[in-house]
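Per-entry structural report
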Amino acid sequence: MRLLIIGSLGGQIGAASQIAIRRGAKVSQADDIPAALNLLRSGKGADLILIDVGLDVGGLVAGLEAERFSVPVVACGIANDTRAAVAAIRAGAKEYLPLPPDADLIAAVLEAVVAQDNSLIFRDPVMQRSIRLADQVAPSEAGILIVGESGTGKEVMARYLHRKSRRAGQTFVAVNCAAIPENLMESELFGHEKGAFTGAVARRIGKFEEASGGTLLLDEISEMDVRLQAKLLRAIQEKEIIRLGGNQPVKVNVRILATSNRNLQDEVRKGTFREDLFFRLNVVTLTLPPLRERPADIEALATHFIRKYAELNGVPERPLSRAALSMLLRHPWRGNVRELENTMHRTVLLASGPEIEPEAILLTSEDGSLSGFGSTDSHDPAPAFANPYNDGLFGSPTTPAPTPATPAMLAGGAGLASALVGRTVADVERDLIIDTLRHTLGNRTHAANILGISIRTLRNKLKLYADQGMTVPPPPSGDPDARL
């Protein structure tokens, strides 16, 4: 991990940086926000920014957004300065790190904020074949195309290939081609000179130069505009780029990995993907099977995520009961590993008792909402995810049913069941959403991720509650998904 610290390295922040270094982070430092932005523009990228809470956190977040630097920010300050911590979160910081630093807490924050679980967990023979091929081709310089459905772990596999390559000690840079607007993608890849376009306030190094000597991942490359593909092909073939607004070629040395959840040969036939670029990228194709075709991995991955999120949330690590595991094995996992991870995070928060039982597991329905309490009867022809009446987190808004506890009820232990008797599913759903939103200090993006629902669904729910006269926690100023 590349960690950028903004503020003096003296005292407690210096101690935090040393802990981060011992945990494997590469640390750079800037005295103030303008110096930090200059570092980022120069190609010295960061995976996480740690900023002294005494500096202008909101100004930093705004500056990052204006120049399209997608880097999470963590504020740090004296442990008892609660007011400063709340202000930093509202200004757009993802987390607040109290000082003096605690080694385990710093490690947990680094992992949680960057949200990268790069562990490659597998048990199934189908996946083992893909890993064997990856091990064989990783040391080469060949371009590799990683294909598979969304959520199968294509970026995790790309990072695995980088770690196994001869470039492992150099930088790994990922570009999400689906997330960057078409008119900004050229600048993102190749960089730009000052004044190249409105808003180009300074020279900025692109991802090719940032990754030089290491590995560049072009994630979901099938989403790239066909006109830009010609420039990409030239950069790969000639090993040089020209910054937007410039005229001097710049030599680059990168290994290209690419991912796609589409069949690129079909895209070539449709004219949306260049055939010559396809052949240049496709020296080796590495296919990741969907989770439903690797059932032996479900238990291993679920156990891994249970351990991870139990530790992260400070709750007991409970094993899966046989009934719960059977329920997971029957689910189709259309969202693959990503869906399983979200499901187990939610389950860890809702579980009680010595084991995780089916009652704590909410599975994603065909319409994208959550349905709980799948049947544990193996003869039941209706699978757990199929609920034609499900229009919320838990199902019909008026049907009384056994429901999972809200976060506020988790400490209830033996009194959990009695606390829910007589309440409707809609009431429990509302309390869970509001409590989760309070937990994230109003951050809609974080709340939707924890709940396992889309931002759109969360907005609709919050609008409904506001119309009903309920008090909805206000969003922090830096949350781009806040509309309520």
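Residues numbered from 1 in each chain as written. Predicted model: local features only at pLDDT ≥ 70, side-chain atom pairs only at ≥ 80, totals over all residues. Heavy atoms only, no water.

**Some details on the overall build of the protein chain**
Assigned secondary structure in the protein chain consists of 19 helices and 14 strands. Counting the 484 residues in the protein chain, one finds 51% classified as buried. A fraction of 69% describes how many contacts in the protein chain between residues 6 or more apart in sequence connect residues 24 or more apart. When the accessible surface of the protein chain is split by element, carbon and sulfur atoms take 51% of a total near 22,300 Å². (Helix = DSSP H or I, 4+ residues; strand = E, 2+ residues; numbered from the N terminus. Buried < 20%, exposed > 50% of the residue type's maximum accessible area, 1.4 Å probe, protein only. Contact = heavy atoms within 4.5 Å. Areas by Shrake-Rupley, 256 points an atom, 1.4 Å probe, with all protein chains shown as cover.)

**Topic: the side chain of R318**
Counting through the fold element by element, R318 comes out in the loop between α13 (296-313) and α14 (322-330). Put simply, R318 is tucked away with no salt bridge, and the nearest opposite charge, on E357, sits 9.6 Å away. Looking at R318, its side chain comes within polar contact range of the main-chain oxygen of G353, at 2.6 Å. With sequence-adjacent residues up to four places away left out, R318 is seen in contact with I306, A351, S352, G353, P354, E355 and I356. (Lys, Arg positive; Asp, Glu negative; His and termini not counted. Salt bridge = Lys/Arg side-chain N within 4 Å of Asp/Glu carboxyl O. Polar contact = N/O pair within 3.5 Å; in protein donor to acceptor, adjacent residues only side chain to side chain.)

**Looking at the pairing of strand β12 (residues 284-287)**
Residues V284 and L286 of β12 are buried on one face, while the alternating residues T285 and T287, pointing to the opposite face, are not. Bridge count for strand β6 (residues 144-147) against β12 is 4 bridges, and the pairing is parallel. Considered in β12, the bridge of I146 is made with L286. (Pairing = 2+ DSSP bridges.)

**Focus: the confidence of the model for the protein chain**
Summing up the model confidence of the protein chain, the mean pLDDT is 82 and the portion of residues at 70 or higher is 84%. Contacts for the low-pLDDT stretch residues 373-392, under 50 throughout, to residues beyond four places or in other chains number 43 contacts. Per-residue pLDDT stays below 50 along residues 394-419; that stretch engages in 52 contacts with residues further than four places along the chain or on separate chains. (pLDDT = per-residue confidence, 0-100.)

**Examining the sheet that holds strand β2 (residues 26-30)**
Consider a sheet: its strands pair through backbone hydrogen bonds, and that pairing is either parallel or antiparallel. Taken together, the 5 strands give an open sheet; going across it, the order is β2-β1-β3-β4-β5, and neighbouring strands pair in parallel fashion. Bordering the open sheet on either side are β2 and β5 (95-99), each of which pairs with just one other strand. Taken over all neighbouring pairs, the strand axes of this sheet differ in orientation by 25 degrees on average, direction set aside. Pairing geometry for strand β4 (residues 73-78) and β5, over 5 bridges, is parallel. Each bridged residue has a counterpart across the sheet, and for C76 the counterpart in β5 is L97. Packed onto the sheet, helix α2 (residues 33-41) meets β1 (2-6), β2 and β3 (48-52) and runs at close to 155 degrees relative to β1. (Axes fitted to C-alpha atoms, helices over the stretch in contact; angles between N-to-C directions.)

**Quick notes on the sheet that holds β12**
If you trace the 5 strands from one edge of the open sheet to the other, you get β7-β8-β11-β6-β12, paired in parallel fashion. Two strands lie at the open edges of the sheet, namely β7 (172-176) and β12, each paired on one side alone. Adjacent strand axes in the sheet meet at a mean angle of 20 degrees when their direction is disregarded. As judged from the 5 bridges shared by β7 and strand β8 (residues 215-219), these two strands associate in the parallel manner. Considered in β8, the bridge of V173 is made with L216. Contacting β6, β7, β8, β11 (255-260) and β12, helix α7 (residues 154-163) runs over the sheet at an angle of about 150 degrees to β6.

**Examining the packing of aromatic side chains**
Applying the stated criterion across every chain yields a total of 2 aromatic pairs. Seen from their ring centres, F190 and F208 are 5.6 Å apart, and the 35 degrees between their planes marks the pair as tilted. Highlighted residues: F190 in helix α8 (residues 182-190) and F208 in helix α9 (residues 207-210), separated in sequence by 18 residues. Across the pair, exposure class does not vary: F190 and F208 are buried alike. (Phe/Tyr/Trp six-rings, centres within 6.5 Å; stacked < 30°, edge-to-face > 60°.)

**What about the packing of α8 against helix α10 (residues 226-238)?**
Put simply, α8 and α10 touch, their axes get as near as 10 Å, and they point 10 degrees apart. Relative to α10, the element α8 lies roughly parallel. Contacts between α8 and α10 pair E182, M185, E186, L189 and F190 from the former with R227, L228, K231, L232 and A235 from the latter. Here the residues of the contact of α8 with α10 sort into 6 nonpolar, no polar and 4 charged. (Parallel < 35°, antiparallel > 145°, perpendicular 65-115°, else oblique. Nonpolar A, V, L, I, M, F, W, Y, C, P; charged D, E, K, R; others polar.)

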